[in-house]
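# A structural walkthrough
Spelled out, the chains give:
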Amino acid sequence: MTNSTSSAIRNKQERKSVVRDPILIVEDKLENTLMLEALCDEFGIQYQSASNGEEALEMAKANKYSFYIVDLMMPVMDGPTFIQRLKEFQPDATVLVQTALDSTDTVIEVMKLGVFDYIIKPILPDQFHKALSKAVDYRFLKASEAAILEAESLKLRNQLEWLTYKETRRKAGDESWEKSSIHSLQTSLSQGSGIGAIISLLDMIKTEMKEEGDNYLINKSMMNLVIENQEITKNLLKGLTQLLEIINRNLEKKKIKASEIVEKIKHSSEFILPYLEKKGLRLSLPILKKEVELDIEPDLFLLALEEVILNAYKYCAPKTSLEVFTSINQGYFCVVVKNIVDEKPYGGVDEKHENLVLQPFFRIHPPVESVSHLERFGLGLGLTAVDQILRKHNGLFFIHNAKDHTGEQVRLCVMSELLLPIQ
């Protein structure tokens with residue numbers, strides 16, 4: 001059996017599993033009811049029947065049904081009235097209607113009832129099975145969408161709970177956070193360009209320099225490296241000062257539409273374009289799906305986003321892509337940056353490091369020297385700055401590993417999520 005055949009069978013089984021509850025057939029003519037029941041048997045789906053809308057309404061209140069097949073013309077309570085009453089307590093109910101009239105006006109009026117599809121009488125088996133298959137596929141997609149949203153909401157809820165816990169621990173004066181920060185600062189100062197490099201260079205110069213009267217003779221190349229790293233160190237201290245200013249400042253917020261932010265994101269991302277070719281990367285920019293209004297300081301938010309994009313670039317696997325996209329979740333406007341990472345040497349941001357990387361001076365990996373000149377915040381303060389900026393906006397920032405299923409093979413990726421509250 002081929003993989004494609006196995007996949008097709010599995011998809012069919014998954015779709016059929018969505019119809020765990022029976023179909024309710026609402027039809028007053030016995031011969032039509034028997035025919036629909038026989039067609040459901042042939043399709044392998046359970047069913048129950050009601051002879052009018054009033055009887056069907058009571059059954060719908062007492063039982064669960066996958067969807068409804070409803071005749072429009074019935075005694076006691078007709079189809080349109082039943083559908084309207086049903087939608088009052090089951091607004092997402094999936095309804096197929098039967099009608100003997102196939103004029104455009106009739107079809108439009110039928111669809112205005114909020115039904116999924118219609119079947120023209122007399123009902124033919126092929127026509128019925130086609131409509132039923134479409135309804136099953138629709139329910140499957142709705143169930144899949146609901147499962148994804150539930151999973152995302154659960155993750156966001158768990159992250160919010162962790163954030164609350166972390167704040168409680170911090171306000172309670174837990175010393176481990178300060179100790180961790182001091183240790184991380186020590187590590188950060190020892191790594192890469194800047195202070196760590198200057199210390200190493202001065203040690204080398206000290207052992208190799210020669211005295212000549214009142215002067216020292218020093219290797220020119222080494223001294224040039226000291227000067228270069230002095231500039232990097234000054235930039236690190238500038239970044240530290242800037243972070244303290246962000247923490248202490250009062251925001252100058254303004255109301256802005258999400259579409260305006262998306263356009264600003266496209267412009268703000270241009271700084272990384274000259275470096276993409278070096279790693280064979282593609283940049284995918286967001287397309288707004290839903291307009292909302294935000295109350296933010298745009299330039300400060302874009303500063304945070306640029307830091308996230310730079311971080312994603314540094315550890316992105318070659319010949320893959322950087323993706324920026326937006327979504328709406330739990331009352332937040334989310335800007336997400338996704339980058340593929342290799343399992344080795346980086347391995348992304350695993351669960352135990354998700355919150356640590358937001359702490360000052362903490363680094364999972366050494367700095368990437370090729371873009372160190374682009375960093376506004378050194379010393380492992382970049383993601384700390386992003387977290388602080390989002391907090392100032394009453395927003396949230398999360399960074400975590402995920403699995404990317406969009407390519408030919410499943411790849412490890414890192415998702416950086418910047419969440420702004422919707423006004």
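Residues numbered from 1 in each chain as written. Predicted model: local features only at pLDDT ≥ 70, side-chain atom pairs only at ≥ 80, totals over all residues. Heavy atoms only, no water.

If you check an unreviewed UniProt entry, the chain appears there as Histidine kinase from Leptospira haakeii.

A few words now on the sheet that holds strand 11 (residues 321–329). If you walk across this open sheet you meet the five strands as 9-11-12-14-13, and the pairing is mixed. Pairing within the sheet leaves two strands with one partner each, and these edge strands are strand 9 (282–284) and strand 13 (396–404). For this sheet the average axis-to-axis angle between neighbouring strands, irrespective of direction, equals 20°. Where strand 13 and strand 14 (residues 411–421) come together, nine bridges link them in antiparallel fashion. (Pairing = 2+ DSSP bridges. Helix = DSSP H or I, 4+ residues; strand = E, 2+ residues; numbered from the N terminus. Axes fitted to C-alpha atoms, helices over the stretch in contact; angles between N-to-C directions.)

Residues Phe 397 and Leu 418 are the most contacted members of the largest nonpolar core, which totals 52 residues. Beyond its immediate sequence surroundings of up to four residues, Phe 397 is in contact with Val 308, Leu 358, Leu 383, Val 386, Asp 387, Leu 390, Ser 416, Glu 417 and Leu 418. Counting 21 residues, the second-largest nonpolar core is a separate cluster that includes Ala 56, Val 70, Val 95 and Val 97. (Core = buried A, V, L, I, M, F, W, Y, C linked by side-chain atoms within 4.5 Å. Buried < 20%, exposed > 50% of the residue type's maximum accessible area, 1.4 Å probe, protein only. Contact = heavy atoms within 4.5 Å.)

We now examine the pairing of strand 1 (residues 23–26). Residue alternation in strand 1 divides its side chains into two sets, Ile 23 and Ile 25 and Leu 24 and Val 26, and both sets are buried. The pairing of strand 1 with strand 2 (residues 47–50) spans four bridges and is classified as parallel. Across the sheet, the residue bridging to Ile 25 is Ser 49, located in strand 2. Following the backbone out of strand 1, through helix 2 (residues 30–43) and into the adjacent parallel strand 2, one traces a crossover that is right-handed. As judged from the three bridges shared by strand 1 and strand 3 (residues 68–71), these two strands associate in the parallel manner. Considered in strand 3, the bridge of Leu 24 is made with Tyr 68. (Right-handed = clockwise from strand over helix to strand, strands pointing away.)

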